[in-house]
Amino acid sequence: MKPTIRTLSLQELAELIDWAAAEGWNPGLGDAAMFQAADPEGFIGAFVGNEMAAAISAVAYGHDFGFIGLYICRPDMRGKGYGKAVWTAGMSRLAGRTIGLDGVEEQRANYQSKGFRPAYETIRYSGRLAALPVGAARSRMVTAQLVPDIIRYDALCFPAPRRSFLQRWLQPPHRALAAITSQGTAGYAVARPCRSGFKIGPLFADDMQTAFELFEDLASACDGGDLHIDVPATKVEFIGALDAAGFSPTFTTTRMYKGPPPTLDASRIFGVTTLELG
């Protein structure tokens, strides 16, 4: 049966997030509303009758960049072309842009055959700090007054503006901290409560010391719970600090782009925002 392709409602996006949880992706507790803020039209489903058979996120950022994620076909609907249908719809929606995705190793060749090229590997580190930092936090909680500065800093590290997304992402129940110096913002980081523990992302900072201080302060803000962070493999010193703190690698993805790689300051990226939205 030929599926109907259309934009997901918020309730349907929440269902897709539940599918992601069933796949073991450990999504955030409030991801549906937070993700929708990035691009309300950017979540697409294939429907057979009234049932969602497959879905994908194809989020447009500005006019030049987009990101593919949350690409799932319901297990009992696989092998019928519904996944291909939403993939085609998502790629069509982002046509003319550089398109990014984070792919697992077993899908890398498949994505390369579709025109994507690897940019760097990202390693998921998980664990909890054996000893939380003692004394006052070195970073500040992000308040409404700090949001404009955070949005400006984010533009150094992300390929396109994402004001609407950040205005939601920086709010509770997420924990958002900023490193502020006499020269201004030196970094920021966000932890979001997930089905298991907290995921940290993004973690953007001027240098490794600032990044790890933000990481430690977020661990305290999360009451010492399990933390998960997706770190570019090029961040060798930061990875060494995570290893020393008792964190372990759990799996690896590859950031891939179709089209010219975006211009951004990779030196400041210590943790990507999400594997679903870039």
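What counts, and where the lines are drawn
- Residues numbered from 1 in each chain as written.
- Predicted model: local features only at pLDDT ≥ 70, side-chain atom pairs only at ≥ 80, totals over all residues.
- Heavy atoms only, no water.
- Axes fitted to C-alpha atoms, helices over the stretch in contact; angles between N-to-C directions.
- Helix = DSSP H or I, 4+ residues; strand = E, 2+ residues; numbered from the N terminus.
- Left-handed = near helix turned anticlockwise from the far one by under 90°.
- Contact = heavy atoms within 4.5 Å.
- Nonpolar A, V, L, I, M, F, W, Y, C, P; charged D, E, K, R; others polar.
- Buried < 20%, exposed > 50% of the residue type's maximum accessible area, 1.4 Å probe, protein only.
- Polar contact = N/O pair within 3.5 Å; in protein donor to acceptor, adjacent residues only side chain to side chain.
- Salt bridge = Lys/Arg side-chain N within 4 Å of Asp/Glu carboxyl O.
- Core = buried A, V, L, I, M, F, W, Y, C linked by side-chain atoms within 4.5 Å.
- Phe/Tyr/Trp six-rings, centres within 6.5 Å; stacked < 30°, edge-to-face > 60°.
- Lys NZ or Arg CZ within 6 Å of the ring centre and 35° of its normal.
- Arc of directions from axis to C-beta.

A.B. asks: Please clarify how the packing of helix α7 (residues 208-221) against helix α8 (residues 236-244) should be interpreted in this entry.
C.D. replies: When two helices pack together, their arrangement is captured by the angle between the axes and the distance separating the axes. Direction vectors running N to C along α7 and α8 enclose 35°, while the axes themselves pass 10 Å from each other. Here α7 runs over α8; the crossing is right-handed. Contacts between α7 and α8 involve M208, A211, F212 and F215 from the first element and E237, F238, A241 and L242 from the second. Partitioned by chemical class, the residues of the contact of α7 with α8 number 7 nonpolar, no polar and 1 charged.

A.B. asks: Can you walk me through the environment of H174 in this structure?
C.D. replies: Along the chain, H174 turns up in the loop between α6 (163-169) and β8 (175-181). By relative accessible area, which is 7% here, H174 ends up buried. With 32 residues separating them along the chain, H174 and D206 place their C-alpha atoms 22 Å apart. Dropping the residues within four chain positions of it, H174 is found in contact with M34, W169, V190, A191, R192 and P193. Within the structure, the side chain of H174 is placed 2.8 Å from the backbone oxygen of W169, a separation counted as a polar contact.

A.B. asks: Sorry if this is basic, but what is going on with the pattern of salt bridges here?
C.D. replies: Opposite charge on two side chains makes pairing possible when the charged atoms of those side chains draw close. Under the counting rule described, the total for this entry stands at 15 salt bridges. For R255, the salt bridge identified is with D102, shortest N-O distance 2.8 Å. One end of the pair, R255, is in strand β12 (residues 248-258); the other, D102, is in strand β5 (residues 98-104), and 153 residues separate them in sequence. What makes R255 buried here is its relative accessible area of 5%. Through salt bridges with shared partners, a single network forms among D31, R192 and E276.

A.B. asks: Looking at this structure, how should I read unusual backbone geometry?
C.D. replies: With glycine set apart, most residues show a phi of negative sign, and most peptide bonds adopt trans. P173 follows P172 through a cis peptide bond whose omega is 15°. Mapped onto the fold, P173 is located in the loop between α6 and β8. Cis geometry marks the peptide bond from G201 to P202, where omega comes out at 0°. Locating P202 in the fold gives a position in strand β10 (residues 198-205). Phi is positive for L70, close to 50°, though the residue is something other than glycine. Note on placement: L70 falls in strand β4 (residues 65-73). L70 sits in the buried class, given a relative accessible area of 3%.

A.B. asks: Explain the nonpolar core to me, please; I cannot follow it from the model alone.
C.D. replies: One broad trend across soluble globular proteins is that nonpolar side chains are buried collectively. Membership of the largest hydrophobic core comes to 43 residues, with the highest contact counts inside it found for L16, Y61, L170 and Y188. Not counting residues up to four positions away in its chain, the partners in contact with Y188 are I150, Y153, D154, R162, L166, L170, L177, A178, P202, L203, F204 and L214. Within the second largest apolar cluster, 30 residues are counted, among which are M208, L218, A219 and I229.

A.B. asks: Would you mind going over the packing of aromatic side chains with me for this structure?
C.D. replies: Ring pairs (aromatic) are described by centroid distance and by the angle formed between their planes. Scanning the model with the defined rule gives 16 aromatic pairs in all. Consider the rings of F35 and W169, whose centres lie 6.3 Å apart with planes at 25°: the pair is stacked. Of this pair, F35 sits in helix α2 (residues 31-38) while W169 is found in helix α6, placing the two residues 134 residues apart along the sequence. The same class applies to F35 and to W169, which are both buried. For the pair F215 and F247, a centre-to-centre distance of 5.3 Å together with 70° between the ring planes defines the contact as edge-to-face. Linking F215 in helix α7 with F247 in the loop between α8 and β12, this pair joins segments that are 32 residues apart in sequence. Of the two residues, F215 and F247, neither departs from the other in class, the shared state being buried. A cation over a ring is seen here: R6 above F47, with NZ or CZ 3.8 Å from the ring centre.

A.B. asks: Would you mind showing me how to read helix α5 (residues 147-157) here?
C.D. replies: Counting along an α-helix, one turn takes 3.6 residues, and residues three or four places apart therefore face a common direction. For α5, the set of buried residues is V147, I150, I151, Y153, D154 and C157. One face of α5 carries all of its buried residues, which in axial projection span an arc of 165°. Of the surrounding secondary structure, the elements contacted by the buried residues of α5 are α6, β8, β9 (184-193), β10 and β13 (269-271).

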